[in-house]
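# Reading the structure
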Amino acid sequence: MLISKMAAEGGGKEMNEIKTQFTTREGIYKLLTHSEYSRPNRVPFNSQGSNPVKVSFVNVNDQSGNGDRICFNVGRELYFYIYKGVRKAADLSKPIDKRIYKGTQPTCHDFNHLTATAESVSLLVGFSAGQVQLIDPIKKETSKLFNEERLIDKSRVTCVKWVPGSESLFLVSHASGNMYLYNVEHTCGTTAPHYQLLKQGENYSVHTCKSKSTRNPLLKWTVGEGALNEFAFSPDGKFLACVSQDGFLRVFNFDAVELHGTMKSYFGGLLCVCWSPDGKYIVAGGEDDLVTVWSFLDCRVIARGHGHKSWVSVVAFDHYTTSVEESDPMEFSGSDEDFQDQMIHFGRDRANSTQSRLSKRNSTDSRPVSVTYRFGSVGQDTQLCLWDLTEDILFPHLPLSRTRTHTNVMNATSPPAGATIITNTSSNTTNGNNSGANTPGINSLSTTLPRSNSLPHSAGTTTTANNTNKAGSGGGIGSGIMDSAIATGVSKFATLSLHDRKERHHEKDHKRNHSMGHISSKSSDKLNLLTKTKTDPAKTLGTLLCPRMEDVPLLEPLICKKIAHERLTVLIFLEDCLVTACQEGFICTWARPGKVVSSF
């Protein structure tokens, strides 16, 4: 009895112990304690009521070869340092720039990688009171303040990002659920802006600013209900993924201002989102404690990951450990040295050989190609999880994969007997015939799918669909109604692969041990159906928007380690390390296998 009690206590202590290293198939990742960045006094920050600590990186192409710079916010303070990573210990006594704000707090920030030089960088900073500041921490200048009088939006800035490929355009989201497109060259005006409707669809609308002269904001997006928590551009910059407090992931064609597809969380709001390096998959996390993998091509959930015990705050793909195996003896799943030349360097080169090699998986080339995507997540449970998205999830066996067809339902009147229906919401259904061509950064796939796997098409399907797309709001609403009608007739998403069935025993564990497992009960499912059917029958548990837990594969994390005392707010994968941060204000560097410098 005593032995078992001691074992239980020891096990509990080990579970709560903060890890300083962990092992994956590549080797051992080690925490570099001397590379920890924080406030200069290294005192843990009292995080009660403060905004999450965020980290941004930029490389200024310094001649010395040490061009990496780091920016992070802690409470009212904003710091800008030379980032020495795995090479040298952090020197916190000499920040390049430090700012302390009164009456408001920094909430997020983003560097413009296009314009960064050793003499000047453009850094956008969003604030809790709604303003956005453009600063140059190298020159120590503040060039502009947007939404200064809070006439555009009074709510907290949740995310700010430069538009990819642009030196002047940036996008800002707010807790109000609105997003605004700005141009740094334009002013905001002295009065509240007037708007004119540009486009409208299911649960979103886009307005232009109505004024005699061009002024900010150029566009106003209203997306979903509640706060718009985060957004992310696709690797080629053409698509925009947004996650909101209403639990929806919405993916837009950014330039065309059209909805491509949607997904609903299993429970609660979605808090974070990221794209795979090739733009084929999106991962979202949030208040259901899960990570959800969504296929851009098929517009459907292909897997969920259960490892966290609380809300997931950040998800990110590891560009450097995503591996490609071909028939010839080339393998990139070993040490970092084996594949470092093949991987994408953060913020410097978006399209390199890895991206092109990944895209080969859907080409007509008959050579066997194996792909493994690595992504990570951190949460309020202070845990870091790493996940592998592998072939058996991405590409089920051929006889079963035939049911996973991306179909166009614009002109479908009724499905053929026994057909599996896969639909998308809003105006995305009009893109069924050309979604492959619009895939960010990859080649066409769905355009070659056989007609026999699709719903009935009338002679004018393609023309009608494309014309409806151009019609704007009418197409979005009409297709949404069509989707709702069809989705209500589908009782279950019937595309289970053999692997999915194997995962069912994991689902039983999930229901028993999960921190919000009670929502999986049959009574709760019925309650969800009853309460949500009144507003929109398509947006219920058990439909394509939100498959049931047993209807999609359940991923288990490669590693799941407690690495901090306070909730985690940052996860960034760099070439020779990964970076995490917690709400106490400590930014930690974890050296990849074989990357620890001996001087430490």
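Residues numbered from 1 in each chain as written. Predicted model: local features only at pLDDT ≥ 70, side-chain atom pairs only at ≥ 80, totals over all residues. Heavy atoms only, no water.

### A short note on the sheet that holds strand 5 (residues 77-82)
The pairing of strands in a sheet happens through backbone hydrogen bonds and is either parallel or antiparallel. Just so we agree on the cut-off: A pair of strands counts as paired when DSSP detects no fewer than two bridges linking them. The way it works is that DSSP assigns letters per residue, a run of H or I at least four long becomes a helix, a run of E at least two long becomes a strand, and they are numbered from the N terminus. Axes, fitted as lines to C-alpha atoms, cover a helix only where it is in contact. Angles between the N-to-C directions of the axes lie from 0 to 180 degrees.
One open sheet accounts for 4 strands, arranged 3-4-5-6; its pairing is antiparallel. Each of the sheet's edge strands pairs with one partner strand only, and the pair in question is strand 3 (55-59) and strand 6 (97-100). Strand-to-strand, the axes of this sheet are offset by a mean angle of 15 degrees, without reference to chain direction. Summarising the sheet, strand 5 and strand 6 pair through 4 bridges and their orientation is antiparallel. Of the residues in strand 6, the one forming a bridge with Glu 77 is Ile 100.

### Comments concerning the state of the cysteines
The criterion, for reference: Here, a disulfide means two cysteine sulfur atoms that sit within 2.5 Å of each other. Under the scheme applied here, a residue whose accessible area is under 20% of the maximum for its type counts as buried, over 50% as exposed, and between as partly exposed, the area being computed with a 1.4 Å probe on protein chains only.
Applying the stated criterion across every chain, the model contains 0 disulfides. In this model Cys 108 remains outside any disulfide bridge; the closest cysteine sulfur is found in Cys 159, 6.0 Å from its own. Residue Cys 108 is classed as buried on the basis of its relative accessible area of 6%.

### Describing the sheet that holds strand 1 (residues 21-24)
The strand order across the open sheet built from 5 strands is 1-2-33-32-31, with neighbouring strands paired in antiparallel fashion. Only two strands of the sheet have a single partner each, and these edge strands are strand 1 and strand 31 (568-573). Sheet twist, expressed as the average angle between the axes of neighbouring strands with direction ignored, equals 20 degrees. Across 4 bridges, strand 1 lies against strand 2 (residues 27-31) in antiparallel orientation. Its bridge partner lying in strand 2, Gln 21 is registered against Lys 30.

### Let's talk about the confidence of the model for the protein
Condition: Residue-level confidence of the predictor is summarised by pLDDT, bounded by 0 at the bottom and 100 at the top. Contacts are residue-level and defined by heavy atoms, with any inter-residue pair within 4.5 Å sufficient.
The pLDDT averaged across the protein works out to 75; a share of 65% of its residues lies at or above 70. Overall, residues 327-354 carries pLDDT values under 50, and its contacts beyond four positions in sequence, including any with other chains, amount to 64 contacts. Note on residues 398-439: pLDDT under 50 across the span, and 132 contacts to partners over four residues away in sequence or across chains.

### Observations concerning the pattern of salt bridges
Put simply, the test is: Just to be clear on terms, a salt bridge is a Lys or Arg side-chain nitrogen sitting within 4 Å of an Asp or Glu carboxyl oxygen.
The final tally for this structure, using the stated rule, is 11 salt bridges. Residues Arg 250 and Asp 246 are paired through a salt bridge, measuring 3.0 Å at the closest nitrogen-oxygen approach. With respect to class, Arg 250 is no different from Asp 246; both count as buried. Ionic pairing is found between Arg 374 and Asp 388, a salt bridge with its closest N-O pair at 2.7 Å.

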